[in-house]
Amino acid sequence: MIKVLIADDQAMVRTGFGMIIGAQPDMAVVGEAADGVEAVEAARRLRPDVALMDIRMPRMDGLQALNLLAGPGVADPVRVVVVTTFDLDEYVHRALRNGAAGFLLKDSGPALLIEAVRAAVSGDALISPSITVRLLEHLTPPAPRGDDGGLSPRERDVVRLIARGRTNAEIAGELFISVGTVKTHLGSVHTKLGTRNRVEIAAWAWERRLIS
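Predicted model, so just to flag it, every value in this text is computed and none were measured.

Scanning the chain for helices and strands turns up 10 helices and six strands. Within the span of the chain, comprising 212 residues, buried residues form 48% of the whole. Long-range pairs, those at least 24 residues apart, make up 66% of the contacts in the chain with a sequence separation of at least 6. Here the chain displays about 9,900 Å² of accessible surface, and carbon together with sulfur accounts for 54% of that area.

Laid out in C-alpha coordinates, this is it:
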(Lines give C-alpha, C1' and ligand atoms only; values in the text may rest on other atoms or scores of the structure.)
Protein backbone atom coordinates (compact mmCIF):
# COMPACT_ATOMS: atom_id res chain seq x y z
CA MET A 1 0.00 0.00 0.00
CA ILE A 2 1.37 3.40 -1.03
CA LYS A 3 0.94 5.84 1.87
CA VAL A 4 0.20 9.43 0.80
CA LEU A 5 0.22 12.66 2.81
CA ILE A 6 -1.74 15.63 1.41
CA ALA A 7 -0.62 19.16 2.33
CA ASP A 8 -2.76 22.04 1.05
CA ASP A 9 -4.36 25.00 2.78
CA GLN A 10 -7.65 24.48 0.92
CA ALA A 11 -9.90 21.83 2.46
CA MET A 12 -11.68 21.23 -0.85
CA VAL A 13 -8.37 20.45 -2.57
CA ARG A 14 -7.38 18.03 0.19
CA THR A 15 -10.75 16.33 -0.11
CA GLY A 16 -10.52 16.10 -3.89
CA PHE A 17 -7.02 14.67 -3.87
CA GLY A 18 -8.05 12.30 -1.09
CA MET A 19 -10.89 10.93 -3.21
CA ILE A 20 -8.54 10.39 -6.16
CA ILE A 21 -5.92 8.64 -4.02
CA GLY A 22 -8.52 6.65 -2.08
CA ALA A 23 -10.02 5.29 -5.31
CA GLN A 24 -6.77 3.48 -6.07
CA PRO A 25 -6.67 -0.08 -4.70
CA ASP A 26 -3.01 0.21 -3.72
CA MET A 27 -3.00 3.73 -2.23
CA ALA A 28 -4.20 5.26 1.02
CA VAL A 29 -4.20 8.77 2.49
CA VAL A 30 -2.43 8.54 5.86
CA GLY A 31 -2.61 12.21 6.83
CA GLU A 32 -3.45 15.78 5.87
CA ALA A 33 -1.89 19.16 6.63
CA ALA A 34 -3.21 22.69 6.15
CA ASP A 35 0.13 24.52 6.26
CA GLY A 36 3.85 23.93 5.87
CA VAL A 37 4.58 23.52 9.57
CA GLU A 38 1.90 20.83 9.89
CA ALA A 39 3.19 19.20 6.71
CA VAL A 40 6.75 18.84 8.01
CA GLU A 41 5.56 17.52 11.37
CA ALA A 42 3.15 15.05 9.77
CA ALA A 43 5.68 13.83 7.21
CA ARG A 44 8.30 13.20 9.87
CA ARG A 45 5.80 11.45 12.13
CA LEU A 46 3.89 9.40 9.54
CA ARG A 47 6.73 8.73 7.06
CA PRO A 48 4.48 8.60 3.98
CA ASP A 49 5.76 7.09 0.75
CA VAL A 50 4.78 10.31 -1.03
CA ALA A 51 3.73 13.77 0.16
CA LEU A 52 1.62 15.95 -2.15
CA MET A 53 2.64 19.52 -1.31
CA ASP A 54 1.08 22.85 -2.26
CA ILE A 55 3.40 25.87 -2.49
CA ARG A 56 1.43 28.81 -1.12
CA MET A 57 0.45 27.83 2.44
CA PRO A 58 0.33 29.71 5.77
CA ARG A 59 3.12 29.77 8.39
CA MET A 60 5.58 27.98 6.10
CA ASP A 61 5.28 27.67 2.33
CA GLY A 62 5.60 24.38 0.51
CA LEU A 63 9.06 25.10 -0.88
CA GLN A 64 10.46 25.67 2.62
CA ALA A 65 8.75 22.51 3.83
CA LEU A 66 10.14 20.62 0.84
CA ASN A 67 13.66 21.77 1.65
CA LEU A 68 13.32 20.51 5.22
CA LEU A 69 11.96 17.15 4.09
CA ALA A 70 13.96 16.42 0.94
CA GLY A 71 16.56 19.15 0.44
CA PRO A 72 20.33 18.76 0.22
CA GLY A 73 21.76 17.13 3.31
CA VAL A 74 18.52 15.50 4.48
CA ALA A 75 19.54 12.03 5.62
CA ASP A 76 16.25 10.23 5.00
CA PRO A 77 14.33 12.37 2.50
CA VAL A 78 10.60 12.18 1.93
CA ARG A 79 9.43 11.91 -1.66
CA VAL A 80 7.54 15.15 -2.25
CA VAL A 81 5.45 15.93 -5.32
CA VAL A 82 4.68 19.64 -5.57
CA VAL A 83 1.11 20.26 -6.77
CA THR A 84 0.27 23.91 -7.33
CA THR A 85 -1.76 26.42 -9.31
CA PHE A 86 1.35 28.49 -10.02
CA ASP A 87 3.84 27.36 -12.67
CA LEU A 88 6.35 30.19 -12.20
CA ASP A 89 9.83 29.23 -13.35
CA GLU A 90 11.25 30.35 -10.00
CA TYR A 91 9.00 27.89 -8.18
CA VAL A 92 9.86 25.03 -10.51
CA HIS A 93 13.62 25.58 -10.27
CA ARG A 94 13.53 25.94 -6.48
CA ALA A 95 11.40 22.82 -6.13
CA LEU A 96 13.72 20.71 -8.27
CA ARG A 97 16.82 22.05 -6.49
CA ASN A 98 15.23 21.21 -3.15
CA GLY A 99 14.63 17.60 -4.08
CA ALA A 100 11.07 17.52 -5.43
CA ALA A 101 10.03 14.15 -6.86
CA GLY A 102 7.60 15.80 -9.26
CA PHE A 103 5.94 19.12 -10.08
CA LEU A 104 2.32 19.18 -11.21
CA LEU A 105 -0.27 21.84 -11.87
CA LYS A 106 -3.55 21.34 -10.06
CA ASP A 107 -5.43 21.18 -13.36
CA SER A 108 -3.30 18.28 -14.63
CA GLY A 109 -6.10 15.79 -13.92
CA PRO A 110 -6.45 12.62 -11.81
CA ALA A 111 -4.52 10.33 -14.17
CA LEU A 112 -1.38 12.46 -14.09
CA LEU A 113 -1.64 12.89 -10.32
CA ILE A 114 -1.73 9.12 -9.82
CA GLU A 115 1.11 8.59 -12.26
CA ALA A 116 3.17 11.22 -10.45
CA VAL A 117 2.67 9.38 -7.15
CA ARG A 118 3.70 6.08 -8.71
CA ALA A 119 6.70 7.70 -10.41
CA ALA A 120 7.86 9.19 -7.11
CA VAL A 121 7.60 5.81 -5.38
CA SER A 122 9.71 4.20 -8.10
CA GLY A 123 12.37 6.90 -7.82
CA ASP A 124 11.31 8.75 -10.96
CA ALA A 125 10.06 12.32 -11.25
CA LEU A 126 7.11 13.53 -13.30
CA ILE A 127 6.63 17.16 -14.28
CA SER A 128 3.55 18.67 -15.94
CA PRO A 129 4.07 18.59 -19.72
CA SER A 130 3.69 22.34 -20.25
CA ILE A 131 6.34 23.05 -17.62
CA THR A 132 8.73 20.43 -18.98
CA VAL A 133 8.59 21.88 -22.47
CA ARG A 134 9.08 25.46 -21.26
CA LEU A 135 12.05 24.60 -19.05
CA LEU A 136 13.83 22.42 -21.56
CA GLU A 137 13.46 24.87 -24.43
CA HIS A 138 15.99 27.09 -22.63
CA LEU A 139 18.69 24.46 -22.25
CA THR A 140 22.06 25.43 -23.76
CA PRO A 141 24.29 24.56 -25.41
CA PRO A 142 22.84 21.80 -27.57
CA ALA A 143 24.79 18.59 -28.00
CA PRO A 144 25.73 17.21 -31.42
CA ARG A 145 22.81 15.86 -33.40
CA GLY A 146 24.63 12.63 -34.16
CA ASP A 147 24.73 11.51 -30.52
CA ASP A 148 22.01 8.85 -30.28
CA GLY A 149 23.12 7.28 -27.01
CA GLY A 150 22.99 3.84 -28.57
CA LEU A 151 19.20 3.86 -28.46
CA SER A 152 17.10 1.68 -30.73
CA PRO A 153 14.59 3.36 -33.05
CA ARG A 154 11.70 2.42 -30.73
CA GLU A 155 13.58 3.69 -27.68
CA ARG A 156 14.13 6.99 -29.48
CA ASP A 157 10.37 7.16 -30.14
CA VAL A 158 9.73 6.71 -26.43
CA VAL A 159 12.33 9.37 -25.56
CA ARG A 160 10.76 11.90 -27.95
CA LEU A 161 7.35 11.39 -26.37
CA ILE A 162 8.77 11.70 -22.86
CA ALA A 163 10.36 14.99 -23.91
CA ARG A 164 6.92 16.15 -25.00
CA GLY A 165 5.60 15.37 -21.52
CA ARG A 166 3.59 12.26 -22.36
CA THR A 167 2.63 9.80 -19.62
CA ASN A 168 3.36 6.07 -19.92
CA ALA A 169 -0.26 5.42 -20.84
CA GLU A 170 -0.20 8.10 -23.54
CA ILE A 171 3.08 6.74 -24.94
CA ALA A 172 1.58 3.26 -25.06
CA GLY A 173 -1.45 4.56 -26.94
CA GLU A 174 0.53 6.58 -29.48
CA LEU A 175 3.00 3.75 -30.20
CA PHE A 176 0.38 0.95 -30.04
CA ILE A 177 2.29 -0.97 -27.37
CA SER A 178 1.49 -1.97 -23.79
CA VAL A 179 2.33 0.14 -20.74
CA GLY A 180 4.55 -2.73 -19.61
CA THR A 181 6.52 -2.48 -22.85
CA VAL A 182 6.89 1.27 -22.34
CA LYS A 183 8.34 0.61 -18.88
CA THR A 184 10.76 -1.95 -20.34
CA HIS A 185 11.96 0.59 -22.92
CA LEU A 186 12.32 3.20 -20.16
CA GLY A 187 14.51 0.84 -18.14
CA SER A 188 16.73 0.27 -21.15
CA VAL A 189 16.90 4.02 -21.87
CA HIS A 190 17.95 4.75 -18.28
CA THR A 191 20.70 2.14 -18.53
CA LYS A 192 22.06 3.40 -21.86
CA LEU A 193 21.88 7.11 -21.05
CA GLY A 194 22.74 6.92 -17.37
CA THR A 195 19.59 8.89 -16.53
CA ARG A 196 17.66 8.61 -13.28
CA ASN A 197 14.24 9.97 -14.20
CA ARG A 198 12.02 11.34 -16.97
CA VAL A 199 13.28 14.88 -16.52
CA GLU A 200 16.84 13.82 -17.32
CA ILE A 201 15.64 11.81 -20.34
CA ALA A 202 13.72 14.84 -21.62
CA ALA A 203 16.73 17.08 -21.06
CA TRP A 204 18.92 14.66 -23.03
CA ALA A 205 16.45 14.74 -25.93
CA TRP A 206 16.14 18.54 -25.96
CA GLU A 207 19.89 19.04 -25.74
CA ARG A 208 20.30 16.87 -28.84
CA ARG A 209 17.49 18.67 -30.66
CA LEU A 210 15.44 15.51 -31.08
CA ILE A 211 12.35 17.67 -30.48
CA SER A 212 11.46 20.42 -32.90
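Strands in a sheet are paired, the pairing made by backbone hydrogen bonds, and the direction either parallel or antiparallel. Spatially, β2-β1-β3-β4-β5-β6 is the arrangement adopted by the six strands of the open sheet, whose pairing is parallel. Looking along the sheet, the strands with just one partner apiece sit at the ends: β2 (27-33) and β6 (126-127). Alignment of strand β5 (residues 102-105) against β6, held across two bridges, turns out to be parallel. Following the sheet pairing, F103 is matched in β6 by I127. Each of β1 (2-7), β2, β3 (50-53) and β4 (80-84) touches helix α1 (residues 11-22); the most contacted strand, β2, lies at about 165 degrees to it.

Its place among the elements puts R156 in helix α7 (residues 153-163). Since its relative accessible area comes to 18%, R156 is described here as buried. Residues within four places of R156 in sequence aside, it is in contact with D148, L151 and L210.

The rules behind each value
- Residues numbered from 1 in each chain as written.
- Predicted model: local features only at pLDDT ≥ 70, side-chain atom pairs only at ≥ 80, totals over all residues.
- Heavy atoms only, no water.
- Helix = DSSP H or I, 4+ residues; strand = E, 2+ residues; numbered from the N terminus.
- Buried < 20%, exposed > 50% of the residue type's maximum accessible area, 1.4 Å probe, protein only.
- Contact = heavy atoms within 4.5 Å.
- Areas by Shrake-Rupley, 256 points an atom, 1.4 Å probe, with all protein chains shown as cover.
- Pairing = 2+ DSSP bridges.
- Axes fitted to C-alpha atoms, helices over the stretch in contact; angles between N-to-C directions.

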